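# Analysis of the macromolecular model
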Amino acid sequence: MVSLSVAPLFPLTTSNSASVCARFAAGDARMINSFCFQHNKGHRKIVCACVVPSQNLRSDESSSVIFNGSSKWEHLSKLRESEDDSDVLIECRDVYKSFGEKQILSGVSFKIRHGEAVGIIGPSGTGKSTVLKIIAGLLAPDKGEVYIRGRKRAGLISDEELSGLRIGLVFQSAALFDSLTVRENVGFLLYENSSMPADQISEVVKESLAAVGLKGVEDRLPSELSGGMKKRVALARSIIYDTTKDAIEPEVLLYDEPTAGLDPIASTVVEDLIRSVHIKGRDALGNPGKIVSYVVVTHQHSTISRAIDRLLFLHKGKVVWQGMTHEFTSSINPIVQQFASGSLDGPIKY
Ligand SMILES: Nc1ncnc2c1ncn2[C@@H]1O[C@H](COP(=O)(O)OP(=O)(O)OP(=O)(O)O)[C@@H](O)[C@H]1O
């Protein structure tokens, strides 16, 4: 059975049991709410979120990976081809997507491996959010395939019976329900879909909020929170899960511009939270994170340097460069160089 429901930092969950759950936190909570009630007929599960040691951007020209047909890239590409793929959680293979006449993705290919913290960057409108939605199973590619732990996904997440991987999508907007308290927002899925008693949900909500460094805000309404706090509440909602269910699958979180609109310090808080809920990190309570891998779409340099280990650069519908975060600023790829410097001169035209 398939059920879809919502969460502000929106987890989309699939399970390897007969139930599948998708959680969303989109821009319009009401729209999501109605979507949720239409679809959420049976079982569901809930998800979590992530952290890892940060890396600083630095120059390392010798290790850059360039996608311009250079022999170095071809060589590395061949090496990667022969790599062991047993740790690949998600793979997009030659994905195409158009909206009407507008071709957005024209053969996007990449892999997300177990334990990775991956960033997708590139000019505005190049299809980064579209890629996240395709990974999440909210949009189907026109052509090409998405593999979840080696299994080809057919159609949308709602069509899936089996996946073995929970995928959560955290939208740019916190997408909290305005009329619900923080407790009700964070525990939304549990109140709606689990058999957990209210006091137990309340406890789990409290723990989830504590994991993102928030205490004593359970009874507040979203309007009483700052933008940064709303994002943290949304993150708490994305990492909450039904503690009465066992066998929780590995989970991947997808963040769409998690620090957009935040001041530098609030951005740092969110970037560290993203790290902290990752399996390589520790949350505010000192517990290891539960998110196995995550993907962040961002334009912010601080988020790239603080929360991301490997980057995919999307341009004109393709991944035109990929490399470790520290290789980004030293890349000799003209597209990357222009983007990194913010120059108006170069191959990217506005
Ligand atoms: N559902 C849709 N219907 C029609 N067009 C869409 C839809 N979703 C996205 N687009 C268009 O596809 C293009 C890529 O959008 P997308 O949001 O994926 O880009 P992006 O790289 O994330 O942009 P930004 O960095 O500005 O957030 C845009 O031109 C957008 O208007």
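Here is what the cut-offs are and how they apply
Residues numbered from 1 in each chain as written. Predicted model: local features only at pLDDT ≥ 70, side-chain atom pairs only at ≥ 80, totals over all residues. Near = placed C-beta within 6 Å. Helix = DSSP H or I, 4+ residues; strand = E, 2+ residues; numbered from the N terminus. Nonpolar A, V, L, I, M, F, W, Y, C, P; charged D, E, K, R; others polar. Axes fitted to C-alpha atoms, helices over the stretch in contact; angles between N-to-C directions. Parallel < 35°, antiparallel > 145°, perpendicular 65-115°, else oblique. Contact = placed C-beta atoms within 7 Å. Pairing = 2+ DSSP bridges. Buried ≥ 20, exposed ≤ 12 C-beta atoms within 10 Å, placed from the backbone. pLDDT = per-residue confidence, 0-100. Expected span 1.5 Å × (residues − 1). Core = buried A, V, L, I, M, F, W, Y, C linked by C-beta atoms within 7 Å.

## Points about the site of the ligand
- The environment of the ligand is made up of Phe99, Ile104, Ser124, Gly125, Thr126, Gly127, Lys128, Ser129 and Thr130.
- Residue contributions to the shell around the ligand peak at three residues, all from helix H3 (residues 128-136).
- A per-class count over the shell around the ligand returns two nonpolar, six polar and one charged.

## Points about the packing of helix H7 (residues 227-239) against helix H8 (residues 264-276)
- Running from N to C, H7 and H8 point in directions that differ by 10°, and their axes come no closer than 10 Å. Taken as axis vectors, H7 and H8 run roughly parallel relative to one another. Across the interface between the two elements, Gly228, Lys231, Arg232 and Leu235 from H7 touch Ala266, Val269, Val270 and Leu273 from H8.
- Split into classes, the residues belonging to the contact of H7 with H8 amount to five nonpolar, one polar and two charged.

## Some details on the pairing of strand E5 (residues 102-113)
- Where strand E4 (residues 88-99) meets E5, nine bridges bridge the pair, whose relative direction is antiparallel. Each bridged residue has a counterpart across the sheet, and for Val88 the counterpart in E5 is Arg113.
- Counting the residues that bridge the hairpin from E4 to E5 gives two residues, and of these Gly100 lies at a positive phi of roughly 60°.

## Structural notes on the pairing of strand E6 (residues 117-121)
- Burial analysis of E6 places five of its five residues in the buried class, the great majority of the element.
- In this sheet, strand E11 (residues 291-297) lies alongside E6 in parallel orientation, the contact comprising four bridges. Within E11, the position partnered with Gly119 by the bridge is Val296.

## Some points on unusual backbone geometry
- Residues other than glycine seldom take positive phi values, yet Asp94 does so here, at roughly 55°.
- Positioned with a positive phi, Glu257 is a non-glycine residue whose angle comes to about 45°.
- Within the secondary structure layout, Glu257 lies in the loop between strand E10 (251-256) and H8.

## Focus on the confidence of the model for the protein
- Overall, the predicted model of the protein reaches an average pLDDT of 75, with 72% of residues at or above 70.
- Between the elements of the protein, mean pLDDT differs from a low of 28, seen in strand E1 (residues 2-6), to a high of 97, seen in E6.
- Here residues 1-71 is a poorly scored stretch, pLDDT under 50, and it has 251 contacts once near neighbours within four places are set aside; other chains count.

## Section: H7
- If you check H7, its first and last C-alpha atoms are 19 Å apart, about what 13 residues at 1.5 Å a residue would give, namely 18 Å.
- Within the span of H7, buried status applies to Met229, Lys230, Lys231, Arg232, Val233, Ala234, Leu235, Ala236, Arg237, Ser238 and Ile239.

## Observations regarding the sheet that holds E5
- Within the open sheet, the four strands sit side by side as E5-E4-E7-E8. Their pairing is antiparallel. Edge positions in the sheet fall to E5 and strand E8 (151-152), since each has one partner strand and no second.
- Against the sheet, H3 contacts E4, E5 and strand E7 (143-148), and its axis sits at roughly 125° relative to E4.

## A word on the nonpolar core
- Membership of the largest hydrophobic core comes to 74 residues, with the highest contact counts inside it found for Ile135, Ala236, Val252, Leu254, Tyr294, Val295 and Phe313.
- Not counting the four nearest positions on each side in its chain, Val252 is found in contact with Leu89, Ile90, Ile112, Leu165, Ile167, Val292, Ser293 and Tyr294.

## Structural notes on the environment of Ser109
- Mapped onto the fold, Ser109 is located in strand E5.
- The exposure class of Ser109 is partly exposed, given the 14 C-beta atoms found within 10 Å.
- Taking the C-alpha atoms as reference points, Ser109 and Gly342, 233 residues apart in sequence, are found 26 Å from one another.
- Beyond its immediate sequence surroundings of up to four residues, Ser109 is in contact with Cys92, Arg93, Asp94 and Val319.

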